[in-house]
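# Working through the structure, step by step
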Amino acid sequence: TQHRNFGWKHRNLDEHTLKQSKKFRETKFLCLVRNPYQWLISMRRRPYGLGVPPGADWAQFLSFSWNSKSYDAKPQVHYNTPVDLWNIKVANAMKFCEANSNALLLRYEDFLEDHDAVTIRLAKFLGTQQKGPWTPIEDPTKPGDSQSLASYRQSYLDQEWVNNIPREFCSQINNDLDRELC
């Protein structure tokens, strides 16, 4: 898909490859990043492309090491842990957005805190006019998922996620996170 649509949504950004496209300048890039703890909880539940079983125990999940898939990074990248993956991808997204006026970095948490302000910022970046109020999708987006926008908002903003990660693993995550990215 890379030659048609710049690759997979979870792909590790490769600015050099993207800039080779004739459509690079006319394309708008939105890089959406999430709180690393919430991202890890989600990846543990649905580990897209990692190779670790869904719902693996925290020790197994946080120590899992693998080589990137072909759709994720070229040349191939070795990730030491899922936290390493978050650090690398967020650092690349930040660097890419700082260097390119056709790229915008947004935090998922900002949507939850002030949906209207972020959608206005996004519309301005995209060069679109808002014709009415933006209405967030309130219902779960994945089959079998009981999370609604309200429950995500509460979980994120009240930091309820901290109850989903055992304390000893929060310490490990804290040690592995690149604090400049948080």
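Description of the structure in this document. Since the structure is predicted, the reported quantities are computational estimates derived from the model, not experimental observations.

Our next topic: the side chain of aspartate 84. In this structure, aspartate 84 sits in helix H5 (residues 82-99). For aspartate 84, which is buried and forms no salt bridge, the nearest opposite charge comes from lysine 89, at a distance of 11 Å. Excluding residues that lie within four positions of it along the chain, aspartate 84 makes contacts with His78 and Tyr79.

Moving on to helix H7 (residues 115-126). End to end, H7 covers 16 Å across twelve residues, agreeing with the expected 16 Å (1.5 Å per residue, within 8%). The complete set of buried residues in H7 reads His115, Val118, Thr119, Leu122, Ala123 and Phe125. All buried residues of H7 project into a common sector of 160 degrees when viewed along the axis, lining one side. Where H7 terminates, the next one or two residues include glycine 127, which has phi positive at roughly 75 degrees.

Attention now moves to the pattern of salt bridges. Per the stated rule, a full pass over the model turns up four salt bridges. Here arginine 107 and aspartate 110 are joined by a salt bridge, their closest N and O atoms 2.7 Å apart. Residues joined in a network through salt bridges with shared partners are Arg107, Glu109 and Asp110.

Moving on, we come to the packing of helix H3 (residues 36-45) against H5. At their nearest, the axes of H3 and H5 sit 10 Å apart, and the two run at 125 degrees to each other. When the interaxial angle is binned, H3 and H5 end up oblique. The handedness of the crossing between H3 and H5 is right-handed. On H5, the residues that touch Pro36, Trp39, Leu40 and Met43 of H3 are Pro82, Val83, Leu85 and Trp86. Per-class residue counts for the contact of H3 with H5 are eight nonpolar, no polar and no charged.

Parameters and conventions
Residues numbered from 1 in each chain as written. Predicted model: local features only at pLDDT ≥ 70, side-chain atom pairs only at ≥ 80, totals over all residues. Heavy atoms only, no water. Helix = DSSP H or I, 4+ residues; strand = E, 2+ residues; numbered from the N terminus. Buried < 20%, exposed > 50% of the residue type's maximum accessible area, 1.4 Å probe, protein only. Lys, Arg positive; Asp, Glu negative; His and termini not counted. Salt bridge = Lys/Arg side-chain N within 4 Å of Asp/Glu carboxyl O. Contact = heavy atoms within 4.5 Å. Expected span 1.5 Å × (residues − 1). Arc of directions from axis to C-beta. Axes fitted to C-alpha atoms, helices over the stretch in contact; angles between N-to-C directions. Parallel < 35°, antiparallel > 145°, perpendicular 65-115°, else oblique. Left-handed = near helix turned anticlockwise from the far one by under 90°. Nonpolar A, V, L, I, M, F, W, Y, C, P; charged D, E, K, R; others polar.

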